[in-house]
Amino acid sequence: MTATNNILTDTFGREHTYLRISLTERCNLRCTYCMPTDGIALSPKSHIMTYEEIFTIAKEFVANGVTKIRLTGGEPLVRKDVGLILEKLASLPVELAITTNGVIVDKFIDQFKKIGLRKINVSLDSLNTDKNTAITRRDYFSKVYNNIQLLVKEGFEVKVNCVLIKGFNENEIIDFIELTKTQALQIRFIEFMPFDGNKWNLEKLVSLEEVLKQVYSHYDSTRFIRLNDAPNDTAKNYQIKGYQGSFAVISSVTNPFCDGCNRIRLTANGQLKNCLFSSSESDLLTPLREGKSIAPVIQKAILAKKKVRNGMETLEQFKDPDAHNNRSMIAIGG
């Protein structure tokens, strides 16, 4: 493979160096904001990328400038050959990370250490057992919470992803932040986003402004620190003075970060999405299996990327339910 200079650069000059790969559409939880009530029709096994195909596609992206790969799902760790995939991808010159629901992450700690994977995002939307069971439709709160503590103890860089939904968990914002007092965690509050089957509407959204309003009312202003955001960061980062950890808000809806976007997504069935909200996808798996170069398909997809949220530049456009023609989150990759 010969690297090119512009295959991952779009018409707005954004260089895409971060590839998110979904390993599976399957999950051992049933989170309401991610999966429709009746589940989804899974892709046939023959349509799912094999570990060799994942590695081949990943190599193409790395050869063209990708420096970070994050594995997602579904739940990536339920895939039977995930250990082999981790080992293969760790051989590439990239930063490797993973997003998991945390249910079985303890079984992989030794392998993560062996391959040098240090960055782990864990989803946890409530610190209340009953509420957590309600949103995940499974009773794994204690397991996930204990595994988060274990990961921190074992020295991993842990971020806890919390999707905020009005009337459900916005009263837990301070409780989550207090977890950072004695633990080197980052809590990331994520605005509720629209995907197929998750019954989204704007009234359920807890905005960046509302999060900060709670913080300002609870903590003395002299203790509230605005941290520097990393280049291409999706989050606005904060810390309470004297706390070991930090917290952040990902405001994809009310305050999009599209100008600095460097992310692209590969679904488990080999479709490239140039934007999380994109209604179109580009098939990489078929040409790969036909022995054709996938580079032209990648470049075409990148050049077709819209400036903001798949063309929905205003909140008025975005809140229109008819504007969203997308997969459910579990089928895209978290």
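Now for a quick tour of the structure. Keep in mind that what you see is a predicted model, and the values were worked out from it rather than measured.

## Some points on the layout of surface pockets
- One number sums up the size of the second largest pocket: a volume of about 430 Å³.
- Residue lining of the second largest pocket: 14 residues in total, with T24, R26, K45, I48 and R79 positioned closest to the centre.
- The class makeup of the residues in the lining of the second largest pocket is 5 nonpolar, 3 polar and 6 charged.

## Considering the pattern of salt bridges
- Per the stated rule, a full pass over the model turns up 12 salt bridges.
- Between D106 and K143 there is a salt bridge, and its shortest N-O distance comes to 3.2 Å. Taken as a pair, D106 in the loop between β3 (95–100) and α3 (109–115) and K143 in helix α5 (residues 141–153) lie far apart in primary sequence, 37 residues in all.
- Here D106 falls in the partly exposed class, since its relative accessible area comes to 25%.
- The class of K143 is partly exposed, set by a relative accessible area of 36%.
- When the shortest N-O distance is used, the salt bridge between K166 and E210 registers 2.7 Å. Linking K166 in the loop between β5 (157–164) and α6 (173–178) with E210 in helix α7 (residues 208–218), this pair joins segments that are 44 residues apart in sequence.
- Beyond isolated ion pairs, a larger network of salt bridges with shared partners links K68, E95 and K119.

## Remarks on helix α1 (residues 51–63)
- Between the first and last C-alpha of α1 there are 18 Å, a value that for 13 residues agrees with the 18 Å anticipated at 1.5 Å per step.
- Within the sequence span of α1, burial applies to E53, I54, F55, I57, A58, E60, F61 and V62.
- Positive phi shows up at G65, right after α1, with a value of about 120°.

## Digging into the packing of aromatic side chains
- Counted according to the given criterion, the structure contains 10 aromatic pairs.
- Centre to centre, the rings of F112 and F156 are 6.2 Å apart; their planes meet at 80°, and the pair counts as edge-to-face. Linking F112 in helix α3 with F156 in the loop between α5 and β5, this pair joins segments that are 44 residues apart in sequence. For the residue pair F112 and F156, the accessibility class agrees, reading buried in each case.
- Measuring from centroid to centroid gives 6.3 Å for Y219 and Y243, while their planes differ by 85°, and the two rings are edge-to-face. In this pair, Y219 is assigned in the loop between α7 and β7 (224–226) and Y243 in the loop between β8 (236–240) and β9 (246–250), connecting sequence segments 24 residues apart. The burial state of Y219 is the same as that of Y243; both residues are buried.
- Grouped by ring-pair contacts, the aromatic residues F176, F189, Y216, F224, Y238 and F247 constitute a single cluster.
- For the cation-ring pair, R118 lies above F156, with the distance from its terminal atom to the ring centre recorded as 4.6 Å.
- Just above the ring of Y238 sits the side chain of R226; from NZ or CZ to the centre is 5.1 Å.

## Re empty space enclosed by the protein
- All chains considered together, the criterion is met by 2 cavities of 30 Å³ or more.
- Considered as a void within the structure, the largest cavity measures approximately 80 Å³ in volume.
- Around the largest cavity sit L29, C31, Y33, N101, S123, L124, D125, N132, T136, Y140 and V144, which together line it.
- Its residues assigned to classes, the lining of the largest cavity comprises 6 nonpolar, 4 polar and 1 charged.

## Some remarks on the nonpolar core
- Ranked by internal contacts, the top residues of the largest apolar core, which has 85 residues, are I21, F61, I69, L89, F112 and F189.
- Looking at this core element by element, the count peaks at 6 residues for α1.

## Section: unusual backbone geometry
- At R137, a residue that is not glycine, the phi angle is positive and equals roughly 60°.
- Of note, R137 is situated in the loop between α4 (129–136) and α5.
- Here the phi dihedral of N232 falls at roughly 65°; this positive angle occurs in a residue that is not glycine.
- Counting through the fold element by element, N232 comes out in the loop between β7 and β8.
- Judged by relative accessible area, which is 37%, N232 ranks as partly exposed.

About the criteria used
- Residues numbered from 1 in each chain as written.
- Predicted model: local features only at pLDDT ≥ 70, side-chain atom pairs only at ≥ 80, totals over all residues.
- Heavy atoms only, no water.
- 1 Å grid on protein atoms, 1.4 Å probe; cavity = no way out; pocket = protein on both sides within 12 Å on 5 of 7 lines; lining within 4 Å.
- Points joined across faces, edges and corners; volume = space filled by probe spheres on them.
- Nonpolar A, V, L, I, M, F, W, Y, C, P; charged D, E, K, R; others polar.
- Salt bridge = Lys/Arg side-chain N within 4 Å of Asp/Glu carboxyl O.
- Helix = DSSP H or I, 4+ residues; strand = E, 2+ residues; numbered from the N terminus.
- Buried < 20%, exposed > 50% of the residue type's maximum accessible area, 1.4 Å probe, protein only.
- Expected span 1.5 Å × (residues − 1).
- Phe/Tyr/Trp six-rings, centres within 6.5 Å; stacked < 30°, edge-to-face > 60°.
- Lys NZ or Arg CZ within 6 Å of the ring centre and 35° of its normal.
- Core = buried A, V, L, I, M, F, W, Y, C linked by side-chain atoms within 4.5 Å.

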